[in-house]
Amino acid sequence: MRVPRFFSTTSNDMAIDLGTVNTIVYLRGRGIVLNEPSVVAIELIQGLPRLRAFGMEAKLMIGRTPQGTSTVRPMRDGVIADVDIAEQMIKAFIDKAHGGPSRLPRRPDILVCIPSGATQVERRAIRQAGTNAGARRVRLIEEPMAAAIGAGLSINEPIGTMIVDIGGGTTEVAVLSLGNLVHHASARVGGDKMDDAIASSIRRNHNLVIGETTAERIKLEIGIARMPEDGRGLVMPVRGRDQVNGVPREIDICQADIAAPLSDLVDQVVETVLRTLAATEPELAADIHEHGIVMTGGGSLLAGISDALAEATGVPVIIAEDPLTSVAMGAGMALENEAYAGVMIDS
Ligand code: ADP
Ligand code: MG
């Protein structure tokens, strides 16, 4: 059926999950159209910074840039760490999500996800960056709310739910009921700290220096929340530079080599959850006990982390279906569905 032109829904409004590690863009009426690392490569030309690459292309350059070029992750702990560069990155992503700057029918309205602990100053910085990047209107949505919607929870009901989102920089714990955030807590522990912990333990115990990309790869392949039960556990070959004589070297790394430092970080997540549960009103706590804790964010995919959390709390733990996209999906659903209008913050 042909849709009359004035009915066509070619909107260019979008929701943006501007994570420390990944940026995901949801285009209204289309769904997720972009999912790339929150990385830019900056080149200095006559002393002025110029965007050389962004997203996946820039991530591939980490640890491999020539002089004069550097890779930057402009988001830290979920908020903007470098305003000018963040703006350039947001603009690049907005343009790419629309298939190039020339395809933008008009300046878009954007809905940006922010950590619930973001201060007023940080919220203003996000709005300003969005406006400078070309948005007409910038609205905000708190990440736990978006994560809950994206994970399929009915946030508007009088039922307590708990979301634990483990991102790159932080872990956000929130209790929601009736479309509101009842409690939230944040800990500066996430995927980045896990990568650092892996790199330092390999340097300490094997005199091998590895880059952050390699450390992340080890985490994705054999990372584990608790000591493996069968001795060494899974093994993988790892290449790096020998700390003593400086030459490239390859060694086998097993799960037991990296489990202890990862387990310490998992304990910090567990403590934050326990603290939040202890502060939660009994009726809401009973709801959480009945329905379980829902985990989102890439860190929830670390092997064994949901079991560790379930064991420590005595509450069932469910990992969202696609934890890396829950926040973006939820923010997108808030754009599409009137029922969620109340969770978007206008100014
Ligand atoms: P952010 O919202 O801060 O951008 P994400 O929710 O996108 O963070 O999660 C990114 C983090 O999740 C990265 O540190 C990444 O290494 C980690 N991650 C992704 N997949 C896995 C996995 N299978 N196991 C452990 N960590 C993972
Ligand atoms: Mg996130």
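Note that the structure is predicted; figures quoted are calculated from it, not measured.

A.B. asks: Account for the nonpolar core, naming residues and giving values.
C.D. replies: One finds Met162, Val164, Ile218 and Ile293 to be the most contacted residues of the largest nonpolar core, which totals 40 residues. There are two domains that each give this core at least three residues, and those are domain 2 (158–189 + 266–319) and domain 3 (191–261). Ignoring anything within four residues of it in the chain, the contact list for Ile218 reads Ile198, Ile202, Ile210, Gly223, Met236, Val238 and Ile258. Grouped together as the second largest cluster of nonpolar side chains are 29 residues, Leu18, Val40, Val79 and Ile114 included.

A.B. asks: How would you summarise the site of ligand 1 if you had to cite specific residues and measurements?
C.D. replies: In the neighbourhood of ligand 1, 16 residues make up the surrounding shell, with Thr20, Val21, Gly168, Glu216 and Lys219 lying closest. Contacts to ligand 1 include Val21, whose backbone N or O atom sits 2.8 Å from an oxygen atom. Between a nitrogen atom of ligand 1 and a main-chain N or O atom of Leu301, the distance comes to 3.5 Å. Considering ligand 1 on its own, with 580 Å² of exposed area, one finds that the protein chains cover 87% of that surface. Here the shell around ligand 1 gets three residues from one element, more than from any other, and that element is helix H6 (residues 212–222).

A.B. asks: How would you sum up the sheet that holds strand E13 (residues 180–187)? Please name residues and give values.
C.D. replies: Two pairing modes exist for strands in a sheet, parallel and antiparallel, and in both the strands are linked by backbone hydrogen bonds. Strand order across the open sheet formed by five strands is E13-E12-E11-E17-E18, with mixed pairing between neighbours. Two strands close off the open sheet at either side, each with one partner strand: E13 and strand E18 (317–319). Between one strand axis and the next, the sheet turns through 20° on average, direction left out of account. Inspection of the sheet shows strand E11 (residues 161–166) paired to strand E12 (residues 171–177) by six bridges, in the antiparallel sense. Directly across from Val164, in E12, lies its bridge partner Val173.

A.B. asks: Please set out helix H3 (residues 120–132) residue by residue, giving values where relevant.
C.D. replies: An ideal rise of 1.5 Å per residue puts 18 Å on 13 residues; H3 measures up with 18 Å between its terminal C-alpha atoms. Along H3, the residues that are buried comprise Arg123, Ile126, Arg127, Ala129 and Gly130. An end-on view of H3 places all buried positions within 160° of arc, on one side of the element. Pointing more than 90 degrees away from the buried face of H3 are the exposed residues Gln120, Val121 and Arg124. The first or second residue beyond H3 is Gly134, which carries a positive phi of 110°.

A.B. asks: Please give an account of the domain arrangement of the protein that cites residues and values.
C.D. replies: Looking at the assigned domains, one finds that the protein contains domain 1 (14–38 + 73–145 + 326–343), domain 2 (158–189 + 266–319) and domain 3 (191–261). One C-alpha centre belongs to domain 2, the other to domain 3; they are set 28 Å apart. Contact residues are listed per partner, giving 14 residues for domain 2 and nine residues for domain 3. For the pair domain 2 and domain 3, the summed buried area comes to about 860 Å², and 58% of that belongs to carbon and sulfur atoms. Among the residues domain 2 hides against domain 3, the three largest losses belong to Gly168, Leu302 and Ala303. Together they make up 43% of the total. On the surface where domain 2 and domain 3 come into contact, there are one salt bridge. Summed over the shared surface of domain 2 and domain 3, the number is six residue pairs in polar contact (both at pLDDT 80 or more). At the level of elements, helix H7 (255–278) and helix H9 (305–313) are the ones that each hand at least two residues to the side of domain 2 that touches domain 3. Of the residues assigned to the side of domain 2 that touches domain 3, the class counts are eight nonpolar, four polar and two charged.

A.B. asks: For the pairing of strand E1 (residues 14–18), give the residues involved together with the corresponding values.
C.D. replies: Counting buried residues along E1, five of its five residues qualify, which places the element largely inside the surrounding structure. Across the two faces of E1 the burial is the same, with Met14, Ile16 and Leu18 and Ala15 and Asp17 all buried. As defined by bridge partners, E1 adjoins strand E9 (residues 109–114) across three bridges and the pair is classed as parallel. Counted as the bridge partner of Ala15 is Leu111 from E9. Between the end of E1 and the start of strand E2 (residues 22–27), which pair antiparallel, lie three residues.

A.B. asks: Can you break down unusual backbone geometry residue by residue, with the values?
C.D. replies: Phi at Gln46 is positive, roughly 50°, even though this residue is not glycine. In this fold, Gln46 is placed in the loop between strand E4 (40–45) and strand E5 (48–54). Of note in the backbone geometry, Asn207 takes a positive phi value of approximately 55° without being a glycine. Relative to the helices and strands, Asn207 resides in the loop between helix H5 (191–206) and strand E14 (208–209). Asn207 gets classed as partly exposed once you look at its relative accessible area, which sits at 34%.

So, how was this worked out
Per-chain numbering applies: the sequence of each chain, read as written, is numbered from 1 onward. Naming scheme: in the order in which they are written, chains are lettered from A and ligands are numbered from 1. Reporting of local features is limited, given that this is a predicted model, to residues whose pLDDT is at least 70; pairs of side-chain atoms are given and counted only at 80 or more, and all residues count toward the totals for whole chains, interfaces and linings. Calculation of side-chain values draws on the structure's entire complement of heavy atoms; hydrogens and water are dropped beforehand. Think of a nonpolar core as a cluster: buried Ala, Val, Leu, Ile, Met, Phe, Trp, Tyr and Cys residues, connected wherever their side-chain atoms sit within 4.5 Å. When accessible area is computed with a 1.4 Å probe and restricted to protein chains, residues below 20% of their type maximum are described as buried, those above 50% as exposed, and intermediate ones as partly exposed. In this document the domain limits rely on a domain assignment from an automatic tool or a database. We call two residues contacting when some pair of their heavy atoms lies within 4.5 Å. Here a residue is near a molecule or strand as soon as one of its heavy atoms is found within 4 Å of it. Polar contact is the term for a pair of N or O atoms within 3.5 Å; when the atoms are in protein, one must be able to donate a hydrogen and the other to accept it, and sequence-neighboring residues count only if both atoms are side-chain atoms. A 1.4 Å probe and the Shrake-Rupley method give the accessible areas. Residues count as covered only by the protein chains that appear here. Note on conventions: DSSP H or I runs of at least 4 residues are helices, E runs of at least 2 residues are strands, and numbering of each starts at the N terminus. Here, a strand pair is defined by DSSP locating no fewer than two bridges between the strands. Orientation is described by lines fitted to C-alpha atoms, with helices fitted over the stretch in contact, and by angles between N-to-C directions that extend from 0 to 180 degrees. A helix's residues, less one, multiplied by 1.5 Å, set its expected span. The reported arc concerns the directions from the helix axis to the C-beta atoms and nothing else. Two parts placed together each lose some accessible area under a 1.4 Å probe, and the buried area is that loss summed for both. Salt bridge, as used here, is a side-chain nitrogen of Lys or Arg placed within 4 Å of a carboxyl oxygen of Asp or Glu. Under the convention adopted here, Pro, Cys and the residues Ala, Val, Leu, Ile, Met, Phe, Trp and Tyr are nonpolar, Asp, Glu, Lys and Arg are charged, and Gly plus all remaining residues are polar.

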